[in-house]
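Coordinate inspection notes
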Amino acid sequence: MTTTRSIAFIGAGSMAEALIAGMTKTFCHPTQIVVTNRQNRARLEELKRTYGVHAAQDAQRAVQHADIVILAMKPKDVAEAMAAVAPAIRPNQLILSLLAGVTTETIEQLARRDVAVVRAMPNTSAAVGLSATAIAGGRFASEQHLETAKQLFETVGIVTIVPERDLHAVTGLSGSGPAYVYYLVEAMEKAAADIGLERDVAKTLILQTIIGAAEMLKASDKHPSVLRREVTSPGGTTEAGIKVLEQYRFQEAIAACIRRATARSEELGNALLTAIAES
Ligand SMILES: NC(=O)C1=CN([C@@H]2O[C@H](COP(=O)(O)OP(=O)(O)OC[C@H]3O[C@@H](n4cnc5c(N)ncnc54)[C@H](O)[C@@H]3O)[C@@H](O)[C@H]2O)C=CC1
Ligand SMILES: O=C(O)[C@@H]1CCC=N1
């Protein structure tokens, strides 16, 4: 656990909380973190009570004293947030952006100075130490900055360094990915109720099925299609079920979903650029 760094969060929503929950276990002491937010004082108090972090109303002051500034507001809110804190940003700080679709170049522009920016795309499984995070460095980010960001996100899961152009695809795949899995579980729970299984029994079985399948994927070198075939007895139940998924073009639906989420990431970045140009 590091003892030297102080970290300021701008934005105190679900992603900030997921990161705080993970980081305070191994990366830093809760008192090294200060959380700021727009308006919602009750939310700050809640995070303070739950994790022992500091909470502050004055974002500029929080940024002034931070080594690492984590941007955790929605992309549409970043221009306003950065306008408020930009005067306090120092060249030796590291700005870590979690924002979907927003490039490091845009963040540098909003910071109004040559500052190290690392763009990260974690996911909410950070809350249980299992995020799949990808990071990319901006123009002024050194290897050391990337290493610091890597260490930070490694406390909440696995980290991979990618070229920045890949981050839109990462966002559509693993940033949004937990939601796709939850959607599958929702569908399985509804189906279980329809076929008459008791809710708690179904929930336990579904959860263990998901965990078991994930562990199998991790433990074996086999392609998912091979693992699927191992479940599928000729003329059996799985074959009958999978045929229905094929009729509903399940794989096409997933591909279209990930393509659309990836495109949306680009749109979010472009919409912000348009808003900045018009302001
Ligand atoms: N939720 C997720 O699964 C993931 C989210 N992200 C990114 O993380 C960022 C945050 O997402 P969530 O936590 O889901 O959003 P959220 O809506 O839960 O939280 C955003 C927070 O920012 C605050 N905020 C808004 N304007 C502000 C301002 N001007 N100054 C300070 N704080 C301000 C809001 O009050 C809110 O507490 C987004 O940019 C998103 O793209 C990245 C990976 C995964
Ligand atoms: O839905 C979103 O825009 C954010 C980015 C990735 C996950 N949640």
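Being a predicted model, the structure only gives us computed values, none of them experimental.

Across its full length, the chain holds 12 helices and 8 strands. Here the C-alpha coordinates of the chain stretch approximately 70 × 40 × 35 Å along the principal axes. Each of the 279 residues in the chain was classed as buried or not, and the buried ones make up 35%. Taking contacts inside the chain between residues at least 6 apart in sequence as the whole, the part at least 24 apart equals 68%.

Here we come to unusual backbone geometry. Trans is the common state for peptide bonds, and a negative phi is the common state for residues other than glycine. At Gln39, a residue that is not glycine, the phi angle is positive and equals roughly 65°. Mapped onto the secondary structure, Gln39 falls in the loop between strand E2 (33–36) and helix H2 (41–51).

Next up on the list: the domain arrangement of the chain. Here the domain parsing of the chain yields domain 1 (7–164) and domain 2 (177–248). Taking only C-alpha atoms into account, the centre of domain 1 sits 36 Å from that of domain 2.

Right, let's talk about the UniProt feature "domain: Pyrroline-5-carboxylate reductase catalytic N-terminal" (unreviewed entry) in the chain for a bit. The feature "domain: Pyrroline-5-carboxylate reductase catalytic N-terminal" (unreviewed entry), as annotated in UniProt, sits at residues 7–101 in this numbering. Within the segment residues 7–101, helix and strand shares are 40% and 20% respectively, and the terminal C-alpha atoms sit 23 Å apart.

As a further point, take the sheet that holds strand E8 (residues 157–161). The strand order across the open sheet built from 8 strands is E3-E2-E1-E4-E5-E6-E7-E8, with neighbouring strands paired in mixed fashion. Edge strands, defined here as strands with exactly one partner in the open sheet, are strand E3 (54–56) and E8. Sheet twist, expressed as the mean angle between neighbouring strand axes with direction ignored, is 25°. In terms of strand pairing, strand E1 (residues 7–10) meets strand E4 (residues 68–71) through 4 bridges, oriented parallel. Paired with Ile7 across the strands is Ile68, a residue of E4. The strands touched by helix H6 (residues 143–154) are strand E5 (94–97), strand E6 (116–121), strand E7 (131–137) and E8; relative to E7, the strand with the most contacts, the crossing angle is about 170°.

Another point: the site of ligand 1. What surrounds ligand 1 is a group of 25 residues, the closest being Gly11, Gly13, Met15, Asp77 and Ala100. Broken down by secondary-structure element, the contributors of at least two residues to the shell around ligand 1 are helix H1 (14–26) and helix H4 (78–85). At 3 residues, H1 tops the list of elements feeding residues into the shell around ligand 1. Classifying every residue of the shell around ligand 1 by side-chain character gives 13 nonpolar, 8 polar and 4 charged.

About the thresholds
- Residues numbered from 1 in each chain as written.
- Chains lettered and ligands numbered in written order.
- Predicted model: local features only at pLDDT ≥ 70, side-chain atom pairs only at ≥ 80, totals over all residues.
- Helix = DSSP H or I, 4+ residues; strand = E, 2+ residues; numbered from the N terminus.
- Buried ≥ 20, exposed ≤ 12 C-beta atoms within 10 Å, placed from the backbone.
- Contact = placed C-beta atoms within 7 Å.
- Domains from an automatic or database assignment.
- UniProt positions renumbered as here; feature names shortened; annotations may be inferred.
- Pairing = 2+ DSSP bridges.
- Axes fitted to C-alpha atoms, helices over the stretch in contact; angles between N-to-C directions.
- Near = placed C-beta within 6 Å.
- Nonpolar A, V, L, I, M, F, W, Y, C, P; charged D, E, K, R; others polar.

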